[in-house]
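Chain by chain, the residues:
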There are 2 protein chains.
Amino acid sequence: MRSLHHFPLQPQSRRVRIQLREKKLEFDSQAEKPWERREGLLALNPAGETPVLVEDNRLVVAGAYAIGEYLEEAYQDTPLLGRTPGYRAEVRRLVAWFDQKFEREVTQNLLFEKMVKRLLGQGGPDSAAIRAGKANIRIHLDYISWLADRRNWLAGEDFSLADIAAAAQISAIDYMGDVAWEHHREAAEWYARVKSRPSFRQILADTWPGTQPPAHYADLDF
Amino acid sequence: MRSLHHFPLQPQSRRVRIQLREKKLEFDSQAEKPWERREGLLALNPAGETPVLVEDNRLVVAGAYAIGEYLEEAYQDTPLLGRTPGYRAEVRRLVAWFDQKFEREVTQNLLFEKMVKRLLGQGGPDSAAIRAGKANIRIHLDYISWLADRRNWLAGEDFSLADIAAAAQISAIDYMGDVAWEHHREAAEWYARVKSRPSFRQILADTWPGTQPPAHYADLDF
């Protein structure tokens, strides 16, 4: 059976899980704690990072970039990158926006400071980082609202890896209760549509020991 | 004429320039200073970042991820991702290693602190960041040596986007004289082979006002 090594709260792991489910590809979930630097994980990916996909034929694909592109090449039903050069460029521009820019400006400041530092025993959160993350997320939600107001999905007419990458990041922040949805109506409506997809259901059922998401987190009609 | 908006010292801009030249695709170079947030650049890429490619037919492709994949799809001569699923997964794993892990652990600590901060008027370099960058680069050069000792090129038998992404990062650090090549023989031999490719020539001719690279920087037989 295909298996995915992932860290449940990590947005890049979540985006691969959603992509696999959108494409109706079955897999065993292997939850990892990357900071423990487990030898079995390091043997699959020398970076020691999740996600890592292992196919039935033992092909190992490491990292969200390689897995995202591999799945589109290997399983062409339910294409999630689009079919024209222009659409594919737009999807990939937005995937990088969320995987890299949102990750650096929001997720590192909030998820890392609030959750990961505690797991690593690196002390309490840095309040300047938390403030920066909360200021930055407003700009990103405004941009999502701007896109969602003009397009059916974030990259255009079709649901794509751009929606998956964005919702994977936002779901991790929303788990911590750090999204002020009431100020971002179009973004909230877009996110409610993503959340209601069957591919998203298991993400919303994840919990992390010692933490609890806010009441609206898994509510599809929030 | 195809045009590329780039920032000459930025590794992700350099990797696109090298990829274009490897594929023998002509282009006009438009040097940008992304921190000035020029309106023309923001209109092409709302992130305000380089690189951005504009094709003759006005197709805009923004960001190194989107451009790298687009060029492989649109111009299939001289493939730089490999032809088998396993090789492509390995190339993309290493591209992400250099674009993201090396960038975060080395380039942000050295290039940002030493050059970009001065350009932005954000004061002098943070000595703790410089120390971290110099410690981290040794680990990355050891990994390059390990790969180069076992393989013809970094991802395997064929020259690929992995070599381009790695050399683009390293060239920016080498410009500042921060690579202790004498301790990393296999990595130095691999880098000398990349440097001697015609696609690399113009990278080595870049200079930045008020700075000068070390004597070995553009020397192909260093």
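Being a predicted model, the structure only gives us computed values, none of them experimental. (Residues numbered from 1 in each chain as written. Chains lettered and ligands numbered in written order. Predicted model: local features only at pLDDT ≥ 70, side-chain atom pairs only at ≥ 80, totals over all residues. Heavy atoms only, no water.)

1. Let's talk about the packing of aromatic side chains
How two aromatic rings sit relative to each other is set out by the distance from centre to centre and by the angle between their planes.
Next, step 1: Scanning all chains against the criterion turns up 21 aromatic pairs over all chains.
Next, step 2: Relative to W35 of chain A, the ring of F7 of chain A has its centre 5.3 Å away and its plane inclined at 75 degrees; by these criteria the two rings are edge-to-face. Residue F7 of chain A is located in the loop between β1 (3-6) and α1 (11-22), and its partner W35 of chain A is located in the loop between β2 (28-31) and α2 (39-44); the two are separated by 28 residues in the primary sequence.
Next, step 3: Centre to centre, the rings of W190 of chain B and Y191 of chain B are 6.1 Å apart; their planes meet at 40 degrees, and the pair counts as tilted.
Next, step 4: Each residue in the set W181, W190, Y191 and F200 of chain A is aromatic and connected to the rest through ring pairs, giving one cluster.
Next, step 5: A cation over a ring is seen here: R197 of chain A above F159 of chain A, with NZ or CZ 3.5 Å from the ring centre.
Next, step 6: One residue, R193 of chain B, lies across the ring of W153 of chain B, its end atom 4.1 Å from the ring centre. (Phe/Tyr/Trp six-rings, centres within 6.5 Å; stacked < 30°, edge-to-face > 60°. Helix = DSSP H or I, 4+ residues; strand = E, 2+ residues; numbered from the N terminus. Lys NZ or Arg CZ within 6 Å of the ring centre and 35° of its normal.)

2. Examining the sheet that holds strand β1 (residues 3-6) of chain B
Through backbone hydrogen bonds, the strands of a sheet pair up, either in parallel or in antiparallel fashion.
All names here are of chain B.
Next, step 1: Pairing is mixed across the open sheet formed by four strands, whose spatial order is β2-β1-β3-β4. Across the chains shown, the open sheet's two edge strands, defined by having one partner strand only, are β2 (28-31) and β4 (60-62). Neighbour to neighbour, the strand axes of the sheet diverge by 15 degrees on average, direction disregarded.
Next, step 2: Where β1 and β2 come together, four bridges link them in parallel fashion. Each residue of the ladder has a partner; that of H5, found in β2, is Q30. (Pairing = 2+ DSSP bridges. Axes fitted to C-alpha atoms, helices over the stretch in contact; angles between N-to-C directions.)

3. Here we look at the sheet that holds strand β3 (residues 52-54) of chain A
Residues and elements named next belong to chain A.
Next, step 1: If you trace the four strands from one edge of the open sheet to the other, you get β2-β1-β3-β4, paired in mixed fashion. Of all the strands in the sheet, just β2 and β4 (60-62) have a single pairing partner and so form its edges. In this sheet, neighbouring strand axes are inclined to one another by 15 degrees on average, regardless of whether the strands run parallel or antiparallel.
Next, step 2: Judged from the three bridges that link them, β3 and β4 form a sheet pairing that is antiparallel. In the strand pairing of β4, V52 is matched with A62.

4. Some thoughts on the interface of chain A and chain B
Next, step 1: Counting residues at the interface gives 26 residues for chain A and 26 residues for chain B.
Next, step 2: Here chain A meets chain B over a buried area of about 2,100 Å², counting both sides, of which 61% is carbon and sulfur.
Next, step 3: Ranking the residues of chain A by area buried against chain B places Y65, R92 and R93 of chain A at the top, with a combined share of 29%.
Next, step 4: Where chain A touches chain B, the interface holds eight salt bridges.
Next, step 5: Among the salt bridges present, the one from R104 of chain A reaches E49 of chain B, with a minimum N-O distance of 3.6 Å.
Next, step 6: For the interface between chain A and chain B, the tally reads six residue pairs in polar contact (both at pLDDT 80 or more).
Next, step 7: Contributing elements (two or more residues each) for the side of chain A that touches chain B: β4, α3 (64-74) and α4 (85-119) of chain A.
Next, step 8: Looking at the side of chain A that touches chain B, the element that brings in the most residues is α4 of chain A, giving 12 residues.
Next, step 9: A per-class count over the side of chain A that touches chain B returns 15 nonpolar, three polar and eight charged. (Contact = heavy atoms within 4.5 Å. Buried area = accessible area lost by both parts, 1.4 Å probe. Salt bridge = Lys/Arg side-chain N within 4 Å of Asp/Glu carboxyl O. Polar contact = N/O pair within 3.5 Å; in protein donor to acceptor, adjacent residues only side chain to side chain. Nonpolar A, V, L, I, M, F, W, Y, C, P; charged D, E, K, R; others polar.)

5. A short note on the relation of the copies chain A and chain B
Next, step 1: In screw terms, the move from chain A to chain B is a rotation of 180 degrees and a rise of 0.0 Å along the axis, fitting with an RMSD of 0.0 Å. Such a combination of turn and shift is consistent with a two-fold rotation axis. (Least-squares fit on C-alpha atoms with pLDDT ≥ 70 in both.)

6. Brief notes about the pattern of salt bridges
Next, step 1: Considering all chains together, one arrives at 42 salt bridges over all chains under this definition.
Next, step 2: Between R151 of chain B and E90 of chain B there is a salt bridge, with its nearest N and O atoms 2.8 Å apart. You can see R151 of chain B sitting in the loop between α5 (127-150) and α6 (161-175) and its partner E90 of chain B sitting in helix α4 (residues 85-119), a full 61 residues away along the chain.
Next, step 3: Salt bridges sharing partners connect three or more residues here, namely E69, E73, R88 and R92 of chain A together with E69, E73, R88 and R92 of chain B.

7. Details of the pairing of β1 of chain A
All names here are of chain A.
Next, step 1: Side chains S3 and H5 of β1 all project onto a buried face; the interleaved residues L4 and H6 project onto the opposite face, where all are buried too.
Next, step 2: Taking the sense of rotation as the criterion, the β-α-β connection linking β1, α1 and β2 turns out right-handed.
Next, step 3: The pairing of β1 with β3 spans three bridges and is classified as antiparallel. Looking at β3, one finds that H5 is bridged to V52. (Buried < 20%, exposed > 50% of the residue type's maximum accessible area, 1.4 Å probe, protein only. Right-handed = clockwise from strand over helix to strand, strands pointing away.)

8. Re the domain arrangement of chain A
All names here are of chain A.
Next, step 1: Taken domain by domain, chain A comprises domain 1 (3-74) and domain 2 (85-205).
Next, step 2: Placing a centre on the C-alpha atoms of domain 1 and another on those of domain 2 gives a separation of 20 Å.
Next, step 3: Taken together, the contact pairs 14 residues of domain 1 with 23 residues of domain 2.
Next, step 4: Buried surface at the junction of domain 1 and domain 2, summed over both partners, amounts to about 1,900 Å²; 64% is from carbon and sulfur atoms.
Next, step 5: Among the residues domain 1 hides against domain 2, the three largest losses belong to R14, R15 and I18. Together they make up 32% of the total.
Next, step 6: Summed over the shared surface of domain 1 and domain 2, the number is three salt bridges.
Next, step 7: Notably, a salt bridge pairs R15 with D99, separated by 2.8 Å at the nearest N-O pair.
Next, step 8: Applying the counting criterion to the domain 1 and domain 2 interface returns seven residue pairs in polar contact (both at pLDDT 80 or more).
Next, step 9: Among the secondary structure elements, those contributing two or more residues to the side of domain 1 that touches domain 2 are α1 and α3.
Next, step 10: Tallied by class, the residues present in the side of domain 1 that touches domain 2 amount to six nonpolar, two polar and six charged. (Domains from an automatic or database assignment.)

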